[in-house]
Amino acid sequence: MIKSQTLPPLLLIFSLIFQALTGTANAERLKEVLVLNSYHHGFQWTADINNAITSHFTEDESVRVFYEFMDSKRFNSDEYFEALYQQYLIKYKGKVIDGIICSDNRAFDFFIKHGNEIWGNVPVAFCGVNNIGDQLELLDTNQHVIIHETIDIKGTIEIIEQLQPELEELIVISDETLSGNIFLEQFMEAFKSRKRNYTYQIINNTHPEGLRRALNELPSSNRAIYLLSLYTERNSIPNEMMHESQYFFKNIDIPIYSNWDFLMPHLIVGGRILKAADQGRLSAQLMDQILRKQAVALDNEPPTYTIFDQQLLKKHQLDTDSLSYNFELINEDIQLIKSYKKELIIILSILCVFIFIILLLVGDIIKRKRVEISFIESEKRLELAIDGANEGLWDIELDKNDIYINEQFAHMLGYQSASELDINMNNWHVFVFPQDIEQMREAYSLHQAGKDEAFRCEARLYNSNNEYSWFSIHGKITEIINGKPTRITGVILDISNQKAFENELQKAKEKAEESDRLKSSFLANMSHEIRTPMNAILGFTDLLLCNQLSKKEQADYLNMIKRGGENLLTLINDIIDISKIESGQLKIQEALVNINELVSEAHSVGLSLCGNLQKQLQIHVEHTVTDNQKVIYTDPLRVYQILLNLLSNAIKFTEKGQVEISYSITNDEWLTLSVKDTGPGISERDKAVIFDRFRQADESTSKKHGGTGLGLSITKSLVEMMNGKIDLISDPPNGSEFIVKIPVKLKHKPVYS
């Protein structure tokens, strides 16, 4: 039996053993570290971070790491984050988490808002975050550390400037994601930090086709692309930057720069590069120190590297000698034999084994080669024949929705190559003039139904300059499966010249018909104009022969005979003048003339004409001609004829009001004549034909006022023969003004001091 006085020491010993065992158990309990990723599983940047974290903790058996993926690139609505919050509340209820690594800004924001409710007050390493200055006050410096994701945009811009000193424009590509907007703000701040000798253009487009079209339209000379962020949506789900970049920049011949290591090699030339693995490795190290109760700094920066792809430097002929940065090269040219010596030995050994087999197959290969050469030659002949005929070739696989075109087809539409002309079954109609689309469909329907042995139509297609040309399109269905056409092949021929010739023929035909109509009208009018004065002359002559008239009646009849003769003479003179003008026999003969006297004589004739037409019109004359200017060298007969034609025209068509004649001579020896009336005016439509031969503004005016329609045509021809010009100003119904400007020579030139 154990004595009572011995119990306390025994209890003490057992207590110490229990505490030691308990302490050891607690010390050996696994530490649970949760990596909360902003993005989805398989996203390259996230994968690199997670791999680095896993690698760090792999050999530490006291820490267990597991991962959550918020998938915020694809789903970022408030409802989604609320559902995620509710899910994590249920999932981690009662679970002990010793530390959390939050990867990127979405995870940072989510933890700041809901972290304490879900996981409690635990240590956190915020990995790869940027622009969180306003939220720093929310962090606990004793439990939180930050691994900043600071991309060196300013340094990358300097690298671009040093590699491309002749740069004219920098194309900046970003998107509407949270990161994309942050990076774009940082770029604007860096670019505006000092004056630069080039411009920039921001392409911020998440629509794939719009972005691809914008990139294809970029000129390649003296340009550079700065790729900040690129997540585009297809079927309402964003696609990764790495995959989208390969798709959009495949055919772009412009140097591309960025800050992300997963875009290398083969896509970007380089830049100030961040590596996701560095962020993951540093966040794991800091979390390890926190779990070991070691002191850590709040703010931490992973390294930034200057890296270039040597193959792309060569491709774009970029020289790194002028760089002020230390850099490293990847994708370098290396000696193949030296680098792959063992592999080459193995390959050569295998090749030696197969040489005998290859020799046995040479005969068969030669035969196949001959067949291929024959086929290639036949194909070349066909291509040469098509090129010689200036025809494009097209081939449509209806079951695959594919359209093949040859280079000639693309050249006919102004494109450099067939690949540049991005035409397919979904967008072919945008290349066709809208009014011709239905015609093409109808032609295909007739051919498909067997009503026409071939598909043939004429249509207008838009070229690269968005201008259309006429083409003749011929084709035939060449494959049918289960009664359904699966392939149609044909050619296309540019018929723009033919269409232009047809249009010219049509215009010539219409012009000839119009000329024929006008001449017929002219002849009919001429017959009337000749008969009217002749009837007056003959009729009043018969009356005078009766000798039964008073002297007053005889005088009146003689005046009427005189006017008829004058009208007939004017008509004959117009016909003779137009005939001389058409045959080139009319000559301009200069002589001295007093312009004041010439205008005065025309004024007198105008007053006489008003009396003959029994019109109460006022005819005013105004001029600014000085004594030194009144005697000029010109053709007085033609100037008088021009003035008289305009004056008689104004009197003929003005029923009331006045006619104003004004003239002046400028210092540079131009005679300006103006005849202005208060008649009905001339419409815009009639202005286009008023100077045509055999035409009057209103064909009915020849019946009301008479005339052949030659007066203004003769006037215009005379003015042009004298190297002058004639203008018409009219505002119906407020009258018209004809202005004639003719070069003259002054007899007495003014003397200037």
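Criteria and thresholds
Residues numbered from 1 in each chain as written. Predicted model: local features only at pLDDT ≥ 70, side-chain atom pairs only at ≥ 80, totals over all residues. Heavy atoms only, no water. Salt bridge = Lys/Arg side-chain N within 4 Å of Asp/Glu carboxyl O. Helix = DSSP H or I, 4+ residues; strand = E, 2+ residues; numbered from the N terminus. Core = buried A, V, L, I, M, F, W, Y, C linked by side-chain atoms within 4.5 Å. Buried < 20%, exposed > 50% of the residue type's maximum accessible area, 1.4 Å probe, protein only. Contact = heavy atoms within 4.5 Å. Pairing = 2+ DSSP bridges. Axes fitted to C-alpha atoms, helices over the stretch in contact; angles between N-to-C directions. Polar contact = N/O pair within 3.5 Å; in protein donor to acceptor, adjacent residues only side chain to side chain. Phe/Tyr/Trp six-rings, centres within 6.5 Å; stacked < 30°, edge-to-face > 60°. Lys NZ or Arg CZ within 6 Å of the ring centre and 35° of its normal.

Draft legend 1. Molecular detail of the pattern of salt bridges. Within the structure shown, the criterion is met by 22 salt bridges. Across the pair Arg-196 and Glu-161 runs a salt bridge whose closest N-O atoms are separated by 2.7 Å. Of this pair, Arg-196 sits in the loop between α6 (178-191) and β7 (199-204) while Glu-161 is found in helix α5 (residues 153-163), placing the two residues 35 residues apart along the sequence. Look at the salt bridges and you will find they share partners, linking Asp-60, Asp-288 and Arg-292 into a network.

Draft legend 2. Broad picture of the nonpolar core. In terms of nonpolar packing, the biggest core is built from 73 residues, with Leu-170, Ile-173, Phe-187, Leu-215, Phe-249 and Trp-260 touching the most fellow members. Among the elements that take part in this core, helix α9 (residues 276-291) stands out by supplying seven residues, more than any other. Beyond its immediate sequence surroundings of up to four residues, Leu-170 is in contact with Ile-160, Phe-187, Tyr-198, Thr-199, Tyr-200, Gln-201, Ala-224, Ile-225 and Tyr-226.

Draft legend 3. Structural view of the sheet that holds strand β17 (residues 402-405). Across the sheet, which stays open at both edges, the five strands sit in the order β17-β16-β20-β19-β18 with antiparallel pairing between neighbours. Both outer strands of the open sheet, β17 and β18 (455-462), are each paired with one neighbouring strand and no more. Looking at each pair of strands side by side, their axes are set apart by 25° on average, direction ignored. Both strand β16 (residues 391-397) and β17 contribute to a ladder of four bridges, which runs antiparallel. The residue of β17 that forms the bridge with Asp-395 is Tyr-404. Set on the sheet, helix α14 (residues 434-448) makes contact with β18, β19 (468-481) and β20 (484-494); between it and β18 the angle comes to about 160°.

Draft legend 4. Representation of the side chain of Arg-196. Assessed through its relative accessible area of 11%, Arg-196 is described here as buried. Separated by 2.7 Å, the side chains of Arg-196 and Glu-161 make a polar contact.

Draft legend 5. A look at the packing of aromatic side chains. Throughout the structure, instances matching the rule amount to 23 aromatic pairs. Judged by centre distance (5.9 Å) and plane angle (70°), the rings of Trp-45 and Phe-262 are edge-to-face. Here Trp-45, found in helix α2 (residues 44-57), pairs with Phe-262, found in the loop between β11 (256-257) and β12 (270-273); they are 217 residues apart in sequence, far enough to count as distant. Judged on exposure class, the residue Trp-45 and its partner Phe-262 are both buried. Between the aromatic rings of Phe-187 and Tyr-226, the centroid separation amounts to 6.1 Å while the plane-to-plane angle is 80°, which identifies the pairing as edge-to-face. Of this pair, Phe-187 sits in helix α6 while Tyr-226 is found in strand β8 (residues 223-227), placing the two residues 39 residues apart along the sequence. Under the relative-accessibility criterion, Phe-187 is labelled buried at 0%. Since its relative accessible area comes to 0%, Tyr-226 is described here as buried. Seen from the ring of Tyr-305, Lys-275 lies directly overhead, with NZ or CZ sitting 4.3 Å from the centre. In this arrangement the basic side chain of Arg-460 is found over the ring face of Tyr-468, its NZ or CZ atom lying 5.6 Å from the centre.

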